[in-house]
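Spelled out, the chains give:
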Amino acid sequence: MPPVLFSFMLLGALCSLGQAMSREEKQRLRNQVVEMFDHAYQNYMDHAYPADELMPLTCRGRVRGLEPSRGDIDDALGKFSLTLIDTLDTLVLLNKTTEFEDAVRRVLSDVRLDNDIVVSVFETNIRVLGGLLGGHAMAVMLKEGGQHMQWYQDELLHMAKDLGLRLLPAFNTSSGLPYPRVNLKYGVRGPETRTGTETDTCTACAGTIILEFAALSRFTGDPVFEAHARRALDFLWEKRQRNSNLVGTTINIHSGEWVRRDSGVGAGIDSYYEYLLKAYILLGDDLFLERFNIHYASIMKYISQPPLLLDVHIHKPLLPARTWMDSLLAFFPGLQVLKGDIRPAIETHEMLYQVTKKHNFLPEAFTTDFRVHWAQHPLRPEFAESTYFLYKATGDPYYLEAGRTVMDNLNRFARVPCGFAAMKDVRTGSHEDRMDSFFLAEMFKYLFLLFAEPDDLPFDVEDYVFTTEAHLLPLSLSVAPHSSSVPSNRTSEEELDDSNFDWTCPNTRLLFPDPAFPRNLREPIRSAVDKSCPRPVPYREPGLGRPPLRAQDFMANNPEHLELLRRMGVSLIHLKDGRVQLVQHATQAVSAVAAEDGVRFMQEMMELSSQQQKEQLPPRAIQIVSHPFFGRVVLTAGPAQFGTDLSKSSTGVRGFVTVAEPYSGCSEITNAEYVQGHIALLQRGQCMFAEKARHIQKAGAIGGIVIDDNEGSSSDTAPLFQMAGDGRSTDDITLPLLFLFHKEGNILLEALKEYREVEVLLSDKARDRAAIFKGADVQEAEEDCLTEATTPTSHEPTAQSQMSTVELDESAPEEVSPVDEDTSPAEDISPPKEEVSPTEGEPSLAQPKEGRDSEKKEEPEGDTDSSSQSVDELLADWREDLEAFKQMEKDEL
């Protein structure tokens, strides 16, 4: 069967899953989009032009200097009829050729670019320069068609070059990163510029230049613009965090130091990633694709927790930087479609759709349980953008319905007599006297394309790439005659690595082997059952006939409890770090009574969680006291909310460790004869922590250590957490249970493998070695032990050299004490005191003593990391971590 025929059959199968939208209905919605655009555009022209933007509540134009300052938002306004320029190529796409020709004439006759005004380099580039270039591309296309714009002689391009030259002074820095602002008349130097003193810029501000500047170079034949944009991108790439391959949010334009080290895909970074991929699409330079793929792998490893996208710290990528998301990240599913990674795009888009349905619009920021964090909504188009790209990728009519929802909400809640007004608060429906230019530049493009048939479009959009402002740049620029004069900026060290490339376009037959694929991904996280799908008939409603499930009784491994949650509209999302998140949507409940029970359950769970957070315990210590460690190695451990309270024990619990069988500890221990009188080692997972504790206690263990099953996890990169109970009384558990991350747990397992008998001390903090050995001469004890040893081994194994563990518990503000004098390496390798003194909320260091001749000593087998890092390197890493955490405090992360 021919592949083309198969593709049509597949698309038909996809559409058949939902009620396919008729061609007539799509046409009606398409016409409605045009009517909405006319309402916004005509009111701007009637009431605001030549001002930069329309104020739709007062029906007048916003002129900078005449209205109260709104701070940085006003940096987009330059007295250059911003909305008109930003709308030029939208007019052509919506088949308004006559209006476009009139708009171009107005721009040429009325707009001045030499105003003595300070503007944002980023906003002026994407909105004004991008608008002029998009308008030029449309004018050339229409002129070549032979019916319109026959008088056009590249006037918009000449204006674009003039503007580009006015932006160039901002790039006059040692790093190549542009100043965030520039005076259109005077540049950045001198008192008359009223700018040029800034030191910081956002990553997106510096990294969202290449498309417009490269297009300007390719159109004009002048390589200077593309060269400056490439230099800025090269510098950002060099300054990425090399371990995580992530970039921060704000950078110093002179030193290249990261000012804000939080990393995500939303505000401050978003379009940097977008432009790396699109620069490859537009310019054909493999280097951009390689960089994008390296960044993308790290985004999916650290930031993506489907369906969530949560900011992390670039030096500690497993450590969340915040618990909320901003609405700008809504573009990311669309970018994932371009990448060909459809599954997470569907999942994240569905999460965003949930928020949209819940609040009518995407709030500027919202929490992971979809509550409002910042309530404004300035009519952003990113969700509509991703909706369009997902419809293009899947052909699923579900996304047409999502687009209809966006249109309906705009007309119901944002439409006013003089245009569309931004939402001041999505909860109350109050308005703000604001209609940004991007609303006309982007929103109506994507909505029109969503409902348009190919023959409705005046040109093939596949021949163009969308900028971040949705301006259209022709792909023919990749073979522009003067492009070869621009250096590639690839260093000799930067060779292309084929493993970072996906050279082929995604094959829909592989993406969707099952026509139900998109729907199946949405089901677990969708906020409302589609109207065409009947709700299941309840067999028994929670709240009727028996008491509802209470939060204190809930057990995550109880199938009956999980079924009750489902019927109450509560779903579980498993996060990468092993935690479980509960999300409740009343519309998914089987009845109104069940929904009320669900709301009550979630309130109880939040109160329970809040109470547990107030009862947070500080980290505990596991000290290896047997030969050849003698208390030098201290592992940072997480506490349990049940069992022996080690803080009330002056001696702690000391014993030899043994691995329990089964290793999970989720059933009766089969090697009880070995566990009895010992400290049992267990693996995390498969059952509740309290259940593990009860099984080893029954076997006679005197303590337990749970080791994380998340490979690569470490207290270096993740905050410690305390093990909770199972919802029942845990008074019967009398032994201590501690938690180790994977990296620290492996150190203990390797020691057990190497020395067979390993004795540890479980305590609230590391103990003085003299106290451990009851005042005996520790050196003498070590020598005696070495004499008695049948196999000569190093008395300070280099496994210790990698044991730099940072103790961090954000919910426990008490200062965590480092190990005491004899167990701390501070006397040998510590920096000055003022650099290492831990403060509240900062990490404290627990690191084993390292002799100056340690490099000459034998290394125990099984340790592959210790030999690769010297003490100086570890200390340098630790100093960097400490500075990073100080900055996190400063940024209030």
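Residues numbered from 1 in each chain as written. Predicted model: local features only at pLDDT ≥ 70, side-chain atom pairs only at ≥ 80, totals over all residues. Heavy atoms only, no water.

Caption draft 1: Quick peek at the sheet that holds strand E14 (residues 372-374). With respect to topology, 3 strands assemble into an open sheet ordered E12-E13-E14, the strand pairing being antiparallel. The sheet terminates laterally at strand E12 (324-326) and E14, the two strands that pair on one side only. Geometrically, the sheet is characterised by an average inter-axis angle of 30 degrees between neighbouring strands, direction not taken into account. Relative to strand E13 (residues 365-367), E12 runs antiparallel, the two being bridged by 3 bridges. Bridge pairing in E13 links Asp-326 to Ala-365. (Pairing = 2+ DSSP bridges. Helix = DSSP H or I, 4+ residues; strand = E, 2+ residues; numbered from the N terminus. Axes fitted to C-alpha atoms, helices over the stretch in contact; angles between N-to-C directions.)

Caption draft 2: Just helix H6 (residues 155-167), in detail. Counted at 1.5 Å a residue, the expected span for H6 with its 13 residues is 18 Å, and the 19 Å between its end C-alpha atoms agrees. Here H6 has its buried residues at Leu-156, Leu-157, Met-159, Ala-160, Leu-163, Gly-164 and Leu-167. Relative to the axis of H6, the buried residues are bounded by an arc of 155 degrees and lie together on one face. In this structure, the buried residues of H6 make contact with helix H3 (82-93), helix H4 (97-110), helix H5 (121-145), strand E4 (181-183), helix H8 (210-220) and helix H9 (224-238). (Expected span 1.5 Å × (residues − 1). Buried < 20%, exposed > 50% of the residue type's maximum accessible area, 1.4 Å probe, protein only. Arc of directions from axis to C-beta. Contact = heavy atoms within 4.5 Å.)

Caption draft 3: Main features of the sheet that holds strand E6 (residues 250-252). Strand order in the open sheet made by the 3 strands is E5-E6-E7, with antiparallel pairing throughout. Both edges of this open sheet fall to strand E5 (200-202) and strand E7 (258-260), since each of them pairs with a single strand only. Within the sheet, the average angular offset between the axes of one strand and its neighbour, ignoring direction, is 35 degrees. By the bridge criterion, 3 bridges tie E5 to E6 in an arrangement that is antiparallel. Pairing of Thr-201 across the sheet is with Ile-251, part of E6.

Caption draft 4: How the structure looks around the packing of aromatic side chains. Tallying each qualifying case throughout the model produces 27 aromatic pairs. Note on Phe-361 and Phe-413: the rings are 6.3 Å apart at their centroids and 80 degrees apart in plane angle, and the pair reads as edge-to-face. Here the residue Phe-361 occupies a position in the loop between helix H13 (342-359) and E13, and Phe-413 occupies one in helix H15 (residues 398-414), the gap between them amounting to 52 residues. Taking relative accessible area as the criterion, Phe-361 reaches 5% and is therefore assigned buried. When the centroid spacing of 5.4 Å and the interplanar angle of 85 degrees are considered together, the rings of Phe-739 and Phe-741 count as edge-to-face. When sorted by exposure, Phe-739 lands in the same class as Phe-741, which is buried. Put simply, the rings of Phe-37, Tyr-41, Phe-420, Phe-439 and Phe-444 touch in pairs and so form one group of aromatic residues. (Phe/Tyr/Trp six-rings, centres within 6.5 Å; stacked < 30°, edge-to-face > 60°.)

Caption draft 5: Representation of the environment of Tyr-273 in the model. Its location among the elements puts Tyr-273 in helix H10 (residues 270-283). Taking the relative accessible area as the measure of exposure, Tyr-273 reaches 0% and is therefore buried. Residues Tyr-273 and His-295, 22 residues apart in the sequence, show an inter-C-alpha distance of 7.8 Å. Each residue touching Tyr-273, except ones within four places of it in the same chain, is listed here: Leu-246, Val-247, Ser-263, Gly-264, Val-265, Phe-292, His-295, Ile-299 and Leu-335.

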